[in-house]
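Residues per chain, in single letters:
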Amino acid sequence: MEINIVNMFPEVLNLYGDRGNIICLQKRSVWRGIKANVFEYTLGANQEILKDADIILLGGASDREQSIVYSHLLSLRGLIKDLIEDGVVVLAICGGYQLLGEAYIDANGRVIKGLHLLDFVTKAEGKRLIGNIIIETSLDVFPKTVVGYENHGGRTYHNYQPFGKVLKGYGNNGKDGFEGLIYKNVIGTYLHGPLLPKNPHIADFMIKKALERKYTLDNLEFQKLDDTLEYLAHNRVKELYM
Ligand code: GLN
């Protein structure tokens, strides 16, 4: 088996080590004998790379970087929409998550257009929401906890399934107690860290979904890996901050 992982604009969308998510997905695939090809979709890249994607990552970015990249992503909107509707796995972090919505209105009231693939708007208001975050995910995985770090000015409100319930931290807006978003095989979240190395169950969920879609499998038997170190990190965050 083989999967294609596409990292969108890694030179711009890479806050707090979001690239670590790619390394994690690649390693966990290879450790199971699955060939994992990683493509960096940089400015001017060939759209063919995206067409064959099984997993797409959109990392986080500062407001300035977001506005640069949004304008380039707009031309790919139709293609990304088709891929999402077809069940391609997408991990969109913070600035990348906001980009899935209609717009991000920054702290100066400037409107940065989003791809409007999903129906929501994000608005920066008040103080930035910064710190360690722990959620209980709505995904069918074990453990249910997901740990990470958030730093965003934007507040996101939506009616989609959330990625999880906030146990510690702020999440989508610091008010309604929800974090992130799930739509088909898209995970939108404010969790940096990077997210996946400390949450290997989420990485495996993504790889499994990608393979099941690609090879039309129902319930793929997935080889277990030794995650002692990964869960030491995961549980340490819970001990310290929950
Ligand atoms: N610039 C956005 C905000 O502050 C996203 C930040 C991020 O990706 N960490 O809300």
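Residues numbered from 1 in each chain as written. Predicted model: local features only at pLDDT ≥ 70, side-chain atom pairs only at ≥ 80, totals over all residues. Heavy atoms only, no water.

- Per an unreviewed UniProt entry, the recorded name for the protein is Lipid II isoglutaminyl synthase (glutamine-hydrolyzing) subunit GatD, and the organism is Caldicellulosiruptor diazotrophicus.
- The Subunit (unreviewed entry) field of the UniProt record for the protein holds the comment "Forms a heterodimer with MurT."
- Under the UniProt heading Pathway (unreviewed entry), the note attached to the protein is "Cell wall biogenesis; peptidoglycan biosynthesis." (UniProt positions renumbered as here; feature names shortened; annotations may be inferred.)

## Quick look at the UniProt feature "domain: CobB/CobQ-like glutamine amidotransferase" (unreviewed entry) in the protein
- In the numbering used here, UniProt assigns the feature "domain: CobB/CobQ-like glutamine amidotransferase" (unreviewed entry) to residues 5-199.
- The distance separating the terminal C-alpha atoms of residues 5-199 is 18 Å; by composition the span is 20% helix and 36% strand. (Helix = DSSP H or I, 4+ residues; strand = E, 2+ residues; numbered from the N terminus.)

## Quick notes on the pattern of salt bridges
- With the rule as written, the count across this model stands at 14 salt bridges.
- Residue aspartate 54 pairs with arginine 213 through a salt bridge whose shortest N-O separation is 3.9 Å. Of this pair, aspartate 54 sits in the loop between helix H2 (48-51) and strand S3 (55-58) while arginine 213 sits in helix H6 (residues 200-214); the two residues are 159 residues apart in sequence, bridging distant segments of the chain.
- Given the relative accessible area of 4%, aspartate 54 is considered buried.
- Residue aspartate 106 is joined to arginine 110 by a salt bridge in which the shortest nitrogen-to-oxygen separation is 3.1 Å.
- Classification of arginine 110 by relative accessible area gives partly exposed; the value is 42%.
- By sharing partners, the salt bridges in this structure join Arg28, Arg32, Asp204 and Asp227 into a single network. (Salt bridge = Lys/Arg side-chain N within 4 Å of Asp/Glu carboxyl O. Buried < 20%, exposed > 50% of the residue type's maximum accessible area, 1.4 Å probe, protein only.)

## Here's the deal with the site of the ligand
- Not every one of the 16 residues close to the ligand is listed here, only the nearest: Asp63, Gln66, Cys94, Arg128 and Gly154.
- The contact in question runs from a nitrogen atom of the ligand to an N or O atom on the side chain of aspartate 63, over 2.4 Å.
- The contact in question runs from a nitrogen atom of the ligand to an N or O atom on the side chain of histidine 192, over 3.0 Å.
- Contact with the protein chains removes 99% of the 300 Å² of surface that the ligand exposes when unbound.
- Of all the secondary structure elements, the ones that give two or more residues to the shell around the ligand are helix H3 (63-73), helix H5 (95-98) and strand S8 (145-157). (Near = heavy atom within 4 Å. Polar contact = N/O pair within 3.5 Å; in protein donor to acceptor, adjacent residues only side chain to side chain. Areas by Shrake-Rupley, 256 points an atom, 1.4 Å probe, with all protein chains shown as cover.)

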